[in-house]
Amino acid sequence: MVTTLDENAAAAASVTTSKPALFFKIAAFAEAVSWIGLLIGMFFKWVVQSGDFGVKLFGPIHGTIFLLYVISLIAVSVTHKWTAKESLLGLFSSIPPLMTVWFERRAERRGALVRHTA
């Protein structure tokens, strides 16, 4: 089947990114970045043994962004009607470093972050 530009434009117009999905995407990325900062801080504290400034700086930042990620995950899973399995995978993805980015990209590929309008 051959589609025209008008058909592609109409299909794209019928798909929107919700505010919870946008907030989730930002939170997933920020959570991963804060994990990196915390890991660097822990490296300097425990390996280089140059003090705990990095941990004191990035610990609260990471904790706050982690909570924002969880809140955004709940919001997007409710508004987009995710299954419990998908929601739990998103929650467990917040534990290993950088997995929130993997999960967000997975959800994006699967179309779980878009709403289809009539």
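As named in an unreviewed UniProt entry, the protein chain is DUF3817 domain-containing protein, taken from Flexivirga alba.

## Describing the overall build of the protein chain
The number of helices and strands found in the protein chain is 5 helices and 2 strands. In sequence order, the secondary structure elements of the protein chain are arranged as α-β-α-α-α-α-β. Residues classed as buried in the protein chain amount to 32% of the 118 residues present. Here the contacts in the protein chain between residues at least 6 apart in sequence split such that 70% fall between residues at least 24 apart. Counting only carbon and sulfur atoms, one obtains 72% of the accessible surface of the protein chain, whose full area is about 7,700 Å².

## Some details on the confidence of the model for the protein chain
Confidence in the prediction for the protein chain averages 88 pLDDT; 84% of positions are at 70 or higher. No element of the protein chain has a lower mean pLDDT than helix α1 (residues 5-13), at 48, and none a higher one than helix α4 (residues 84-92), at 97. For residues 8-14, every residue scores under 50 in pLDDT, and the model assigns this stretch 5 contacts once sequence neighbours within four places are set aside.

## With respect to α4
Of the residues making up α4, those classed as buried are Glu 86, Ser 87 and Gly 90. When α4 is viewed along its axis, its buried side chains cluster within an angular range of 100° and face the same direction. Facing away from the buried side of α4 by over 90 degrees, the exposed positions are Ala 84, Lys 85 and Phe 92.

## Some details on the nonpolar core
In terms of nonpolar packing, the biggest core is built from 13 residues, with Phe 24, Tyr 69, Leu 73, Val 76, Trp 82, Phe 103 and Leu 113 touching the most fellow members. Among the secondary structure elements, those contributing two or more residues to this core are α2 (19-46), α3 (53-79) and α5 (99-109).

## Brief notes about the side chain of Ser 72
Looking at where Ser 72 falls in the secondary structure, it is placed in helix α3. Apart from the residues lying within four places of it in its own chain, the contact partners of Ser 72 are Phe 23, Phe 24 and Ala 27.

Cut-offs and rules
- Residues numbered from 1 in each chain as written.
- Predicted model: local features only at pLDDT ≥ 70, side-chain atom pairs only at ≥ 80, totals over all residues.
- Heavy atoms only, no water.
- Helix = DSSP H or I, 4+ residues; strand = E, 2+ residues; numbered from the N terminus.
- Buried < 20%, exposed > 50% of the residue type's maximum accessible area, 1.4 Å probe, protein only.
- Contact = heavy atoms within 4.5 Å.
- Areas by Shrake-Rupley, 256 points an atom, 1.4 Å probe, with all protein chains shown as cover.
- pLDDT = per-residue confidence, 0-100.
- Arc of directions from axis to C-beta.
- Core = buried A, V, L, I, M, F, W, Y, C linked by side-chain atoms within 4.5 Å.

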